[in-house]
Amino acid sequence: EIKMNQELSIRDLIELIIKRKWLVCITTIIAILLSGIYSFFILKPSYNASVTLLVKPIEDKKSSMSDINGMIDSLTVYPNMTIDTYKEQVINNVVLSGTIKDLQLKNPDGELIQWSSLAGKISVDKIGNTNLLKVTVSDGDPQKAAKIANSIADNFISYISNNTRKFGEQAMLIIEERLGEEENKLKEEALKLKEYLSNSNNIEQLKMEVKSLLDIINNYNLMLIDVEKQIQTDSKALEDLLNGNTAYVANNQDEIMYNIPLDNNEESNDVDIIISSASDLKTALLTIKTSEIESRLIENKAEKASLENKIEELLARLNDTQAILAEEEYKYNTILRNYNLAEQTYNAYLDRHKEAVVAATSSIGEY
């Protein structure tokens with residue numbers, strides 16, 4: 001039933017339109033005529049002109065404050081400039097006011113228009129994921145729209161360049177002041193290093209003296225070892241002689257052979273003596289040999305004591321020389337470290353000063 005009503009209503013409507021078709025045609029013709037009149041005689045045409053700008057974001061440098069470059073960066077901070085920031089800068093007061101003055105854009109009263117009026121004709125869009133900005137200007141005069149677009153681009157470039165130069169000049173002044181201070185510090189540290197090298201003990205000579213003392217001590221220790229071995233050998237031989245530990249061999253009833261050790265070495269240093277009258281000669285030979293060993297023991301013990309005294313004196317001298325060397329090396333390393341740090345800091349400020357000079361004297365936006 002509902003569908004029947006709808007079908008009847010639509011049919012009635014169609015019949016009504018057919019009956020009044022002359023009225024529909026007249027209304028349509030009047031609307032077309034009015035639109036044409038408005039478009040050709042009343043509505044002014046609008047033309048678009050576009051210009052594309054390439055911008056480079058400036059981000060904060062993330063340097064450690066413990067690093068010299070990070071310290072310098074903290075003194076010369078540039079503003080953080082993102083793509084969106086540049087987008088807003090295109091239509092700021094300075095850029096648009098410059099365009100208005102350059103092109104003498106005036107209102108019907110003959111006065112320069114406000115920058116806000118010009119901003120209403122401009123749209124700025126970012127092109128994809130690039131660093132490109134598209135500036136579009138709408139105006140009834142196509143040539144005027146193109147001039148405005150080009151002028152906005154020129155004024156924007158000048159604005160960015162001027163700002164960059166200003167920050168560069170500020171950074172240059174700050175760095176120049178610190179550069180002078182660092183240069184004075186470097187001169188002071190260089191003077192300290194020169195005075196130290198002129199008036200202090202030569203570290204290389206001290207090192208050579210330490211090496212020489214060590215070589216002498218090592219030689220004396222080797223000599224001491226040999227003397228102690230000889231003392232041990234002679235002490236054992238003397239003990240054997242005094243205790244009657246000599247070899248006895250009977251060849252016949254008239255001859256007796258004695259073997260008397262000289263240094264307790266069975267291979268080569270024993271002396272074989274054959275005597276016919278054993279008692280007296282044996283006593284004489286033992287006495288001679290005992291005296292010989294005792295005399296050598298006295299000399300070796302004296303030599304041992306002398307070597308020990310020399311080694312002790314040399315060790316004391318070595319300790320003193322090493323202490324002086326350690327102190328001189330500490331002083332030298334401290335002075336050298338301070339000099340190197342001052343030189344590194346000065347060179348870092350010098351490099352940044354060159355960068356600041358370039359930034360302050362160049363028109364970055366024009367390239």
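Residues numbered from 1 in each chain as written. Predicted model: local features only at pLDDT ≥ 70, side-chain atom pairs only at ≥ 80, totals over all residues. Heavy atoms only, no water.

Moving on, we get to the overall build of the protein. The helix and strand inventory of the protein stands at nine helices and six strands. The 367 residues of the protein split such that 28% are buried. Pairs at least 24 apart in sequence give 71% of the contacts found in the protein among residues at least 6 apart. Of the accessible surface of the protein, which amounts to about 24900 Å², a share of 54% is contributed by carbon and sulfur atoms. (Helix = DSSP H or I, 4+ residues; strand = E, 2+ residues; numbered from the N terminus. Buried < 20%, exposed > 50% of the residue type's maximum accessible area, 1.4 Å probe, protein only. Contact = heavy atoms within 4.5 Å. Areas by Shrake-Rupley, 256 points an atom, 1.4 Å probe, with all protein chains shown as cover.)

Counting all residues, the mean pLDDT for the protein is 78, and 73% of those residues have values of 70 or more. Below a pLDDT of 50 lies the segment residues 264-271, which in the model reaches 16 contacts outside its immediate sequence neighbourhood of four places, other chains included. (pLDDT = per-residue confidence, 0-100.)

Positive phi values are uncommon outside glycine, yet Gln104 reaches one of about 50°. Mapping Gln104 onto the fold places it in the loop between α5 (93-103) and α6 (115-119).

Strands sit in the order β1-β3-β2 across an open sheet of three strands; the sheet is antiparallel. Since the sheet does not close on itself, it has two edges, and those belong to β1 (47-54) and β2 (122-126), each with one partner. Each strand axis lies, on average, 20° off the axis of its neighbour in the sheet, ignoring direction. Pairing between β2 and strand β3 (residues 132-139): five bridges, direction antiparallel. Counterpart to Val124 in the pairing with β3 is Val135. Of the strands in this sheet, β1, β2 and β3 touch helix α4 (residues 83-90), which is tilted by about 25° from β3. (Pairing = 2+ DSSP bridges. Axes fitted to C-alpha atoms, helices over the stretch in contact; angles between N-to-C directions.)

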